Structure formats: C-alpha cells, structure tokens
Amino acid sequence: MNKEILELYSWVIRGKQRSLVIKALNGIKTPTQIKEETKLGLNNVSDILRLFVKKGIAKCLNENEKVGRLYKLTQKGEGILKNLN
C-alpha cells in the first residue's frame, strides 16, 4: 500500500460511520440503500459520500441528478475496503 492509501485507510478506520459506509458501498448504490444497510441517517451518509468523493475514495456516476445519485468505490476505495476485511 502506498502512503496516500495508508493515510486514507487510517482516516476511514478512525470514523465508525465512515467504516460502515465504505463496507456498505460494495457495487453501485444510492445513499438511501446505504442508509438502510448501515442504519445511519441519510444526512450522515450523504456527508460521508461527499467526503469520499472529495478524497477520491468513491465516485458519483450521475452527478447531474438531484435524486437517486449512484455511487461506487474507486480503485483507492476498493484498496481501502480490501484492507478493512
């Protein structure tokens, strides 16, 4: 694992909610699907996904949509997820 991935991994595992969201984001999902799996609030899930996109951990596949946005992990995100399990 390179230094950037290690830093992101460390950041993800320091937050219980971030860990739950990255584990739930296996495949392509909406924030509502992640909310139902993790039992977190929709606002929390959306905030975490926004941070994941900003840090390059996840990617929004349909950014122009206001409702029903689809997210998936990037290669960085998949690398982090692999080390969580």
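Coordinates for the structure precede this section.
Below: a short report on this structure. (Residues numbered from 1 in each chain as written. Predicted model: local features only at pLDDT ≥ 70, side-chain atom pairs only at ≥ 80, totals over all residues. Heavy atoms only, no water.)

Let us look at the pattern of salt bridges. Per the counting criterion, the structure on display carries three salt bridges. For D47, the salt bridge is made with R50, and the minimal N-O distance between the two is 2.9 Å. Of this pair, D47 and R50 both sit in helix α4 (residues 42-55), three residues apart, which is roughly one turn of the helix. A residue is classified by how much of its surface remains accessible, and R50, at 53% relative accessible area, is exposed. (Salt bridge = Lys/Arg side-chain N within 4 Å of Asp/Glu carboxyl O. Helix = DSSP H or I, 4+ residues; strand = E, 2+ residues; numbered from the N terminus. Buried < 20%, exposed > 50% of the residue type's maximum accessible area, 1.4 Å probe, protein only.)

Right, let's talk about the side chain of R18 for a bit. The residue R18 is located in helix α2 (residues 16-24) in this model. For the buried R18, no salt bridge exists, and the shortest N-O distance to an oppositely charged side chain is 11 Å, to D47. If near-sequence neighbours (up to four positions away) are discounted, R18 is found in contact with W11, V12, I48 and F52. (Lys, Arg positive; Asp, Glu negative; His and termini not counted. Contact = heavy atoms within 4.5 Å.)

Of the pockets and cavities examined, the largest pocket occupies roughly 270 Å³. If you trace the largest pocket, you find 14 residues lining it, with P31, S46, R50, R69 and Y71 closest to the centre. Where the lining of the largest pocket is concerned, the elements lending two or more residues are α3 (31-38) and α4. Per-element accounting of the lining of the largest pocket gives the leading share, four residues, to α4. Taken together, the residues that form the lining of the largest pocket break down as six nonpolar, four polar and four charged. (1 Å grid on protein atoms, 1.4 Å probe; cavity = no way out; pocket = protein on both sides within 12 Å on 5 of 7 lines; lining within 4 Å. Points joined across faces, edges and corners; volume = space filled by probe spheres on them. Nonpolar A, V, L, I, M, F, W, Y, C, P; charged D, E, K, R; others polar.)

Turning our eyes to something else, we now look at α2. Those residues of α2 that fall on the buried side of the exposure criterion are R18, S19, V21, I22 and A24. Those residues of α2 that are buried lie in contact with α1 (3-13), α3, α4, β2 (71-73) and α5 (75-84).

Evaluated as defined, the whole model comprises one aromatic pair. Note on W11 and F52: the rings are 6.0 Å apart at their centroids and 70° apart in plane angle, and the pair reads as edge-to-face. Of this pair, W11 sits in helix α1 while F52 sits in helix α4; the two residues are 41 residues apart in sequence, bridging distant segments of the chain. Each of the two residues, W11 as well as F52, counts as buried. The ring of W11 has R18 lying over it, and the distance from NZ or CZ to the ring centre is 4.3 Å. Of note, K55 hangs over the ring of W11, and the distance from its end group to the ring centre comes to 4.7 Å. (Phe/Tyr/Trp six-rings, centres within 6.5 Å; stacked < 30°, edge-to-face > 60°. Lys NZ or Arg CZ within 6 Å of the ring centre and 35° of its normal.)

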